[in-house]
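These are the residues of each chain, in order.
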Amino acid sequence: MANTTLTADIIAKEAVMILDNNLVMAKQVYRGYESEFDKKVNGYEVGETISIRKPTDFTVRDGATMSTQDVVEGKLTLTVDKRKGVDFKFTSQDLTLKIEDLSERVIKPAMVQLANQIDSDLMALYKKVPNWVGTPGQVVNSYADFAKAPERLDETAVPMDGRSAVLSPQDHWGLLGSQTALYMQDVAKGAYRKGSLGEIGGVDTFMSQNVPTLTTGTRSGSTLVNGSIITTTITYDAIKNTNVQTINVDAFGGATQTVKAGEVITIAGVYDVNPVTKAPLPFLKMFVVTADATASGSAADLIISPAMVWTGAFKNVDVQGVTDLNNQAVTFMGSASTNYRQNMVFMKNAFALVSVPLIMPPGAPSGSTRQSYKGTSVRVIPVYDGITDESAWRLDVLYGTQTIDGRLATRLSGSA
């Protein structure tokens, strides 16, 4: 078979297909916002942004008398701010290799690294997910453990279509082992012969080594809300774009103790609600800390999400037993200074990934190209060094990630 002379176009096509083939998390999230960027056909630069509307909500009238409500829409932004790339070089002799040889030896390892980076950036969005079911530190090793996640999604009115789970290797194999004892022949065979979990409880289940680890802060003590928080403290109109609220917490065990972004807290007496009916649920509302905090004295300001809305169409908490949260106990998920893997179960609209074509810079050499495959775009630019007779190739991707609605996801740990 004749050798194939490699061009940037050939390398780009091969690279982008290998990149897509190695993506895990990226294939389970929403990609529809890419159509907004497609309106610009000549490429993009870092920092370009689109705005995404948040859905509005309403209360139901009781009786025949008309009672109009204001339509309040929030928004968030998705910015293509992640510029990643892999660079390598070939000799002239290398450039006469068949694409199959070059793909296996060079392009595939490079694209695996790039795909892992994209997946890691998506998995890092756990820091905007407030719900966390199970017991931190316990391995998911039974169907009952796993079922806590879709149960939480059901309780919070998350649609059943398009649900996925991404588990760490330890949790994947722990759950897989429990499936081999089932009497369902195909399930047991897939688990035992292929190491495949497939669909469990309506959830497409995957394993990824990129499941991140949260290291909790040094916080200790019997922490309490420090300051008045009442029904009128926050209005939805004030937080409709950010969905965050700052609360002061005191009674930490040390002057410089820390709370890390991504930690989850509950507040005594603050219960979750069904987002549609607003009826209280039988478990406390969970809040995620969105920024690192360090105690001064025994107190620290925590920025939490979601912000607490007590009444109206956007009510998201049901406060029971008190009218003011001052001095209510604050409880952290997990122990201090401990590592916890962050498995996630989610509906695809919880997160978004946008991959857009990078601009082709003025002066780019002949043969530079952009290629897209299943929504993923790679730009390839060759640079030749006549002194060493080597051709360097740079592969670049530009993309953005965002948590569209953290309510559509939950983190998952096993049970003690």
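All values reported here derive from a predicted model rather than from experimental measurement. (Residues numbered from 1 in each chain as written. Predicted model: local features only at pLDDT ≥ 70, side-chain atom pairs only at ≥ 80, totals over all residues. Heavy atoms only, no water.)

Peer 1: What should I look at first to understand the sheet that holds strand β26 (residues 409–412) in this one?
Peer 2: Read from one edge to the other, the open sheet built from six strands follows the order β4-β26-β21-β5-β7-β6, with strand pairing classed as mixed. Whereas interior strands pair on both sides, the edge strands pair on one side only; in this sheet they are β4 (132–133) and β6 (199–200). Sitting on the sheet, helix α4 (residues 143–155) touches β4, β5 (163–167), β6, β7 (203–207), β21 (343–347) and β26, and the angle it makes with β26 is about 160°. (Pairing = 2+ DSSP bridges. Helix = DSSP H or I, 4+ residues; strand = E, 2+ residues; numbered from the N terminus. Contact = heavy atoms within 4.5 Å. Axes fitted to C-alpha atoms, helices over the stretch in contact; angles between N-to-C directions.)

Peer 1: Could you clarify how one ought to interpret the side chain of Gln-328 in this entry?
Peer 2: Considering the arrangement of structural elements, one finds Gln-328 in the loop between β18 (317–319) and β19 (330–332). Ignoring anything within four residues of it in the chain, the contact list for Gln-328 reads Thr-223, Leu-224, Val-225, Ile-267, Ala-268, Gly-269 and Val-322.

Peer 1: I would appreciate a short explanation of the pattern of salt bridges in the present structure.
Peer 2: Where charged atoms from two side chains of opposite charge approach closely, those side chains can pair. A complete count under the given rule lists twelve salt bridges for this structure. Across the pair Lys-82 and Asp-81 runs a salt bridge whose closest N-O atoms are separated by 3.5 Å. Of the charged contacts, one joins Asp-396 and Arg-394 as a salt bridge, the two residues approaching to 2.8 Å between their closest N and O atoms. Each member of the salt-bridge network shares a partner with another, and the members are Arg-83, Arg-379, Arg-394 and Asp-396. (Salt bridge = Lys/Arg side-chain N within 4 Å of Asp/Glu carboxyl O.)

Peer 1: Teacher, can you tell me more about the sheet that holds strand β10 (residues 245–250) here?
Peer 2: Read from one edge of the open sheet, six strands run β9-β10-β17-β15-β12-β19, paired in antiparallel fashion. Each having just a single partner strand, β9 (224–225) and β19 make up the two edges of the open sheet. Taken together, the two bridges between strand β12 (residues 264–267) and strand β15 (residues 287–289) define a ladder with antiparallel strand orientation. When the sheet's bridge partners are listed, Ile-265 is paired in β15 with Phe-287.

Peer 1: Can you help me understand the packing of aromatic side chains in this one?
Peer 2: To describe a pair of aromatic rings, you give the distance between the ring centres and the angle between the ring planes. Considering all chains together, one arrives at four aromatic pairs under this definition. Judged by centre distance (3.6 Å) and plane angle (0°), the ring pair of Tyr-236 and Phe-314 falls under stacked. Taken together, the residues Tyr-236 in helix α7 (residues 236–239) and Phe-314 in the loop between β17 (300–305) and β18 connect sequence positions 78 residues apart. Looking at Phe-314, the relative accessible area reads 17%, which means it is buried. Between Phe-252 and Phe-332 the ring centres are 6.5 Å apart and the planes differ by 50°, which places this aromatic pair in the tilted class. (Phe/Tyr/Trp six-rings, centres within 6.5 Å; stacked < 30°, edge-to-face > 60°. Buried < 20%, exposed > 50% of the residue type's maximum accessible area, 1.4 Å probe, protein only.)

Peer 1: Help me understand unusual backbone geometry in this model?
Peer 2: As a rule of thumb, non-glycine residues mostly have phi less than zero, and peptide bonds are mostly trans rather than cis. At the junction of Ser-305 and Pro-306, the peptide bond is cis and its omega measures out at 0° in the coordinates. Here Pro-306 shows up in the loop between β17 and β18. The backbone phi angle of Asn-243 is positive, close to 55°, even though this residue is not glycine. Relative to the assigned elements, Asn-243 resides in the loop between α7 and β10.

Peer 1: What is the right way to read the confidence of the model for the protein from this model?
Peer 2: In low-pLDDT segments, the atomic positions of the prediction should not be examined closely. Looking at the protein, the pLDDT average stands at 85 and 88% of residues meet or exceed 70. Scored below 50 in pLDDT, residues 1–5 makes nine contacts in the model with residues more than four places away or belonging to other chains. (pLDDT = per-residue confidence, 0-100.)

Peer 1: Could you clarify how one ought to interpret α4 in this entry?
Peer 2: Each α-helix winds once per 3.6 residues, and so residues spaced three or four apart point in a common direction. When the terminal C-alpha atoms of α4 are compared, their 18 Å separation across 13 residues agrees well with the 18 Å that a helix rising 1.5 Å per residue should span. Helix geometry: α4 is bent most strongly at Ala-149, by close to 25°, with proline Pro-150 lying one to four residues after it. Taken residue by residue, α4 has Asp-145, Phe-146, Ala-149, Pro-150, Arg-152 and Leu-153 as its buried positions. (Expected span 1.5 Å × (residues − 1). Bend = angle between axes of the 7 residues up to and from the residue.)

Peer 1: Could you clarify how one ought to interpret the environment of Ser-377 in this entry?
Peer 2: Locating Ser-377 in the fold gives a position in strand β24 (residues 376–385). When the C-alpha positions of Ser-377 and Asp-20 are compared, they lie 9.7 Å apart, and in sequence the two are 357 residues distant.

Peer 1: Just checking my understanding: could you explain the nonpolar core for this structure?
Peer 2: Here is a general trend for soluble globular proteins: nonpolar side chains tend to be buried in one another's company. Core analysis: the largest hydrophobic core is formed by 60 residues, its most contacted members being Leu-19, Met-25, Phe-88, Met-111, Phe-346 and Phe-351. Of all the elements, helix α3 (residues 99–123) adds the most residues to this core, at nine residues. Non-local contacts of Leu-19, meaning those with residues more than four positions away in its chain, are made with Met-111, Leu-114, Ala-115, Ile-118, Thr-376, Val-378 and Val-397. Within the second largest apolar cluster, 23 residues are counted, among which are Ala-295, Ile-304, Leu-325 and Val-330. (Core = buried A, V, L, I, M, F, W, Y, C linked by side-chain atoms within 4.5 Å.)

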